[in-house]
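# Descriptive analysis of the structure
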Amino acid sequence: MQTLTTEEKEIIIRSIRDIPDFPKPGIIFKDITTLLSNPKAFNTLMTHLENRYTPYNLDYIAGIDARGFIFGSILADRLGIGFVPVRKKGKLPYTTVAEKYSLEYGFDEVEIHIDAFGEEKGAKVLLIDDLIATGGTAKAAASLIDKVGAKCVEVCFILELGFLKGRMGINAPVYSVLEIG
Ligand code: AMP
């Protein structure tokens, strides 16, 4: 089914644990390790994503370091397509393209292999991460996909902190399985 029932949404949302004041005071950290260790919730989520994205005829899934790797690689395998990691700076061994983005204090940087999507231009790519807050990480990752000649057809999150309006800055359609606020 492409749309989650209320019951399925509840199964997933109840499996995500809130950790107040992590990693610093005032932040409620959404801990998805409890989703991953709950087979019913994890399977409900992955089956929903498989059903949603089968008709997209995607060429690749790109996942954001590190939790996007978990959801992205399983989804890629279910769809029978390749997985590409978007990594934090300094981790990828071959020639990379990089993009900086702002944090509350300072900046961070993500990278992708220059040949990640093969030699043909215009590969259809879904970008995935666990959560969107300000949207800075996903915006930088989506622009890397364009920079290496592929097309980011959608950006998918398991959880969206809607009150931060992070999706506004992303230059591609955004789909969130669950939204808070
Ligand atoms: P942002 O660039 O602000 O959208 O932050 C998104 C990245 O930070 C994602 O990779 C998330 O996993 C992580 N993140 C930000 N806020 C939270 C939060 N409240 N709980 C869990 N992860 C978070």
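Above this text sits the structure in question.
Residues numbered from 1 in each chain as written. Predicted model: local features only at pLDDT ≥ 70, side-chain atom pairs only at ≥ 80, totals over all residues. Heavy atoms only, no water.

## Section: the pattern of salt bridges
Under the defined criterion, the tally for this structure stands at 10 salt bridges. The partner of Arg14 in a salt bridge is Glu10, with the nearest N and O atoms 3.2 Å apart. One end of the pair, Arg14, and the other, Glu10, are both in helix 1 (residues 6–15), 4 residues apart, so they sit about a helical turn from each other. Among the residues examined, Arg14 registers a relative accessible area of 61% and is labelled exposed. (Salt bridge = Lys/Arg side-chain N within 4 Å of Asp/Glu carboxyl O. Helix = DSSP H or I, 4+ residues; strand = E, 2+ residues; numbered from the N terminus. Buried < 20%, exposed > 50% of the residue type's maximum accessible area, 1.4 Å probe, protein only.)

## What about the pairing of strand 5 (residues 96–102)?
Taken residue by residue, a regular strand's side chains alternate between the two faces of the sheet. Where strand 5 meets strand 6 (residues 107–113), 7 bridges bridge the pair, whose relative direction is antiparallel. Residue pairing for strand 6: Tyr101 is matched across the bridge by Asp108. Taking the residues between adjacent antiparallel strands as the criterion, strand 5 and strand 6 are bridged by 4 residues, where Gly106 takes a positive phi near 80°. (Pairing = 2+ DSSP bridges.)

## A short note on unusual backbone geometry
The residue after Phe22, namely Pro23, is reached through a cis peptide bond having omega 0°. Along the polypeptide, Pro23 turns up in the loop between strand 1 (17–20) and strand 2 (28–31). Each neighbour pair has its own omega, and for Asp65 with Ala66 the value is 0°, a cis peptide bond. By the element assignment, Ala66 lies in the loop between strand 3 (60–64) and helix 4 (67–79). With a phi close to 50°, Asn57 is a non-glycine residue in the positive phi region. Its location among the elements puts Asn57 in the loop between helix 3 (39–53) and strand 3.

## What about the packing of helix 1 against helix 3?
For any two helices packed against each other, the geometry is given by the interaxial angle and the distance between the axes. In contact at an axis separation of 9 Å, helix 1 and helix 3 are set at 125° when each is read in the N-to-C sense. Between helix 1 and helix 3, the crossing angle belongs to the class labelled oblique. As for the relative orientation of helix 1 and helix 3, their crossing is left-handed in sense. Facing helix 1, whose interface residues are Glu8, Ile11, Ile12 and Ser15, helix 3 presents Lys40, Ala41, Thr44 and Leu45. (Axes fitted to C-alpha atoms, helices over the stretch in contact; angles between N-to-C directions. Parallel < 35°, antiparallel > 145°, perpendicular 65-115°, else oblique. Left-handed = near helix turned anticlockwise from the far one by under 90°. Contact = heavy atoms within 4.5 Å.)

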